[in-house]
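# Residue-level structural notes
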Amino acid sequence: MNHVTIVVGAQWGDEGKGKWVDVLAAKSDIVARYQGGNNAGHTIWISGTKYVLHQIPSGVFQKGLISAMAAGVVIHPVGLVNEIEKMRATVTISPESLWISARAHVITPWHIHLDGARESSASTPIGTTKKGIGPTYSEKASRTGLRMGQYAKDDSRRTWVKAMLESDNDFREHYNSNQASWDEFHGAASKISSFVCDVETRLRKAIATGKRVLLEGAQGTLLDLDHGTYPFVTSSSTCASGACTSIGLPPKVISNIFGIAKAYVTRVGAGPFPTELLDSVGAEIAKKGHEFGATTGRPRRCGWFDAVAFRYSASVNGFDGVIINKMDILTGFPELKICVKYKHPTLGELEDFPWDADVLAKCEPVYESFPGWTQEIPKSGRASDMPENARNYISAIERHTGTKVMWVGTGPGRDEMLVN
Ligand code: GDP
Ligand code: IMO
Ligand code: MG
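Please read all numbers here as calculations on a predicted model, not as lab measurements.

## Focus on the overall build of the protein chain
Counting its secondary structure elements, the protein chain contains 14 helices and 21 strands. A principal-axis box enclosing the C-alpha atoms of the protein chain has dimensions of 65 × 50 × 40 Å. Looking at the 420 residues of the protein chain, the share that counts as buried comes to 58%. Taking contacts inside the protein chain between residues at least 6 apart in sequence as the whole, the part at least 24 apart equals 76%. When the accessible surface of the protein chain is split by element, carbon and sulfur atoms take 51% of a total near 17,400 Å².

## Observations concerning the pattern of salt bridges
Enumeration over the complete set of coordinates arrives at 17 salt bridges. One continuous salt-bridge network, built from bridges that share partners, spans Asp 14, Lys 262, Glu 291, Arg 300 and Lys 326.

## So, the site of ligand 1
What surrounds ligand 1 is a group of 20 residues, the closest being Gly 16, Lys 17, Gly 18, Thr 43 and Asp 328. In this structure, an oxygen atom belonging to ligand 1 sits 2.9 Å away from a side-chain N or O atom of Asp 14. Between Lys 326 and ligand 1, the recorded distance is 3.1 Å, taken from a backbone N or O atom to an oxygen atom. In isolation ligand 1 has 590 Å² of accessible area, and contact with the protein removes 93% of it. Listed by contribution, the elements that provide at least two residues to the shell around ligand 1 are helix 1 (17–25) and strand 3 (42–46). A breakdown of the residues in the shell around ligand 1 according to their chemical character gives 4 nonpolar, 9 polar and 7 charged.

## Overview of the sheet that holds strand 11 (residues 256–262)
Spatially, 9-7-5-2-10-1-11-15-20-21-19 is the arrangement adopted by the 11 strands of the open sheet, whose pairing is mixed. Of all strands in the sheet, those with a lone pairing partner are strand 9 (196–197) and strand 19 (380–382), marking the two edges. Pairing analysis gives 3 bridges linking strand 20 (residues 405–409) to strand 21 (residues 417–419), with the strands arranged antiparallel. Bridge pairing in strand 21 links Val 408 to Leu 418. Sheet strands in contact with helix 9 (residues 199–208) are strand 1 (3–9), strand 2 (30–33), strand 5 (66–69), strand 7 (98–101), strand 9 and strand 10 (212–216), and its direction is about 125° off that of strand 7.

## A short note on the domain arrangement of the protein chain
Domain annotation of the protein chain identifies domain 1 (4–102 + 195–257), domain 2 (106–192) and domain 3 (261–419). One C-alpha centre belongs to domain 1, the other to domain 3; they are set 24 Å apart. Facing 36 residues of domain 1, the contacting portion of domain 3 comprises 41 residues. Taken together, the two surfaces of domain 1 and domain 3 that pack against each other cover about 3,000 Å², and 58% of this comes from carbon and sulfur. For the pair domain 1 and domain 3, the number of links is 2 salt bridges. On the surface where domain 1 and domain 3 come into contact, there are 22 residue pairs in polar contact (both at pLDDT 80 or more). Counting only elements with at least two residues in the side of domain 1 that touches domain 3, the list comes to helix 1, strand 3 and strand 11.

## Regarding the packing of helix 3 (residues 109–121) against helix 4 (residues 133–141)
For the pair helix 3 and helix 4, interaxial distance at closest approach is 7 Å and the crossing angle is 115°. Crossing hand, helix 3 versus helix 4: right-handed. Across the interface between the two elements, Trp 110, His 111, Leu 114, Asp 115 and Arg 118 from helix 3 touch Ile 133, Pro 135, Thr 136, Ser 138 and Glu 139 from helix 4. Tallied by class, residues from the contact of helix 3 with helix 4 come to 4 nonpolar, 3 polar and 3 charged.

## Here we look at the pairing of strand 4 (residues 49–53)
Two strands pair when backbone bridges link them, and strand 3 and strand 4 are joined in this way by 5 bridges, in the antiparallel orientation. When the bridges of strand 4 are listed, Trp 45 appears paired with Lys 50. Counted between consecutive antiparallel strands, the loop separating strand 3 from strand 4 contains 2 residues, among which Ser 47 sits at a positive phi close to 45°.

## Examining the nonpolar core
Leu 215, Met 327 and Tyr 393 are the most contacted members of the largest nonpolar core, which has 61 residues in total. No other element matches helix 14 (residues 388–401), which puts 5 residues into this core. Shared between two domains, this core holds at least three residues of each, these being domain 1 (4–102 + 195–257) and domain 3 (261–419). When near neighbours in sequence (up to four residues on either side) are disregarded, Tyr 393 contacts Ala 263, Phe 305, Met 327, Leu 330, Leu 336, Lys 337, Ile 338, Phe 370 and Trp 373.

Basis of the calculations
- Residue indices follow the written sequence of each chain, beginning from 1 at its first position.
- A letter from A marks each chain and a number from 1 marks each ligand, given out in the order of writing.
- Local features in this predicted model are restricted to residues whose pLDDT is 70 or higher, and side-chain atom pairs enter the listing and the counts only when it is 80 or higher, whereas totals over whole chains, interfaces and linings include all residues.
- The basis for every side-chain value is the complete set of non-hydrogen atoms in the structure, without hydrogens or water.
- The numbering of helices and of strands both runs from the N terminus, where a helix is a DSSP run of H or I of at least 4 residues and a strand a run of E of at least 2.
- Each residue gets one of three labels from its accessible area relative to the maximum for its type: buried under 20%, exposed over 50%, partly exposed in between, using a 1.4 Å probe on protein chains only.
- What makes two residues a contact is simply this: any of their non-hydrogen atoms within 4.5 Å.
- Residue burial considers only the protein chains on display, and all accessible areas are found by Shrake-Rupley using a 1.4 Å probe.
- Each salt bridge in this description consists of a side-chain nitrogen of Lys or Arg and a carboxyl oxygen of Asp or Glu lying within 4 Å of one another.
- To be near a molecule or strand, a residue needs just one of its heavy atoms within 4 Å of it.
- Polar contacts, as used here, are pairs of N or O atoms within 3.5 Å; protein pairs need one atom able to donate a hydrogen and one able to accept it. Residues neighboring in sequence count only if both atoms are side-chain atoms.
- Note that Gly is not counted as nonpolar here; it falls among the polar residues with everything else outside the nonpolar set of Ala, Val, Leu, Ile, Met, Phe, Trp, Tyr, Cys and Pro and the charged set of Asp, Glu, Lys and Arg.
- Any two strands with at least two DSSP-identified bridges between them are counted as paired.
- Every angle, taken between N-to-C directions, lies between 0 and 180 degrees, and every axis is a line fitted to C-alpha atoms, over only the stretch in contact when it is a helix.
- Here the limits of each domain have been adopted from an automatic or database domain assignment.
- As a working definition, buried area equals the accessible area (1.4 Å probe) given up by two parts on being put together, with both sides summed.
- The sense of a crossing depends on the near helix, which, turned anticlockwise from the far helix by less than a right angle, makes the crossing left-handed and, turned clockwise, makes it right-handed.
- By nonpolar core we mean a set of buried residues, namely Ala, Val, Leu, Ile, Met, Phe, Trp, Tyr and Cys, connected to one another through side-chain atoms within 4.5 Å.

Structure, rendered in structure tokens:
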């Protein structure tokens, strides 16, 4: 029997994947990130200390666990070297415990420059993290990208740079006028090369020999390149099937898919967000939930739970179980709302999430209201011990989304969760 679990963000990212991957990693042998890059910011609190991981998978704090970064990830080498050095103060990191895919593509200073330039000149900016994610995945799709296996070897890395210098005037200008960044880029290769290996073959062998493997998504389903709110998306396949593509896994080896959502919704960057609250309630959720981006520090937009978007996310991913996170933040609000359908000015009532971001932007949420609760939610134990109105809220999410809530998040710490 296989033990392969995928953890997916069910909304627009920042659902609390880091915390839950850390928790679920306690029962795993390997945790592998399957897409995205250092646009991600996954927060984990351990014994009162906060850690934000951008590239290293979130299982790294569990003793004896192997962390892997698979082919679908894009890697910022200098950032990764720094992250490894920083983490070494707390955990042991060696080529045995951190595997970096030779197939993963490399984010270069050029890609970061392009991301910034495209955002500044766009008539409708996406609000990217400016980490070079889009340009790196574009280069990969154009089949002119640099992979980690190539980056790790001095001569093949230099060959790639030479070819770019010869073929692209803008690249050449950037290279010549940003020597410091490029020197740093070249310098990181020798620090990282011993970690680079055939991650995908190792993972398939590990699964075949019964190892418990947890696949960690970054971003969220509504930011998926194909299935999200295009063009206001990231450039990778964030959803569960993306894990199989990234690693080269037969979909049938997957045993469990868990979706994580906040008890409300947040979004960073531009794009339609039907349940966004631009009033004092939204500001209060942002304040109580400390809703600031873990990577860019930008304020996150906040809104009510959107069951239409979540139903869509559940249908794209096929969740076996759902985690409703940050339930503690909703304590004290007199009234809570769940969006159960949309109303569009010309298309009428919509129960399905539209493919078109322009249509979504014009959708008004149709809400069902719920009385709130004032008693604190217990930090751990069973969801049945929550105040009655909190239990009703979770049941309403299940009813409106046709999913089973397995756990409820009650705080940022490892133990702050309820079993439903
Ligand atoms: P990720 O990108 O999905 O890993 O999520 P982030 O780390 O970007 O954002 C989630 C934030 O919520 C972090 O600051 C976490 O420490 C925090 N957090 C996670 N779970 C809970 C929870 O159940 N309650 C509260 N209050 N905070 C949580
Ligand atoms: P984690 O893993 C929230 C958003 C950006 C922008 C869009 C495209 O922490 O949940 P990109 O830099 O990827 O080209 O930006 O995607 N975005 C995220 N939003 N959480 C993230 O990661 C995100 N990574 C990218 O804000 O709207
Ligand atoms: Mg985050």
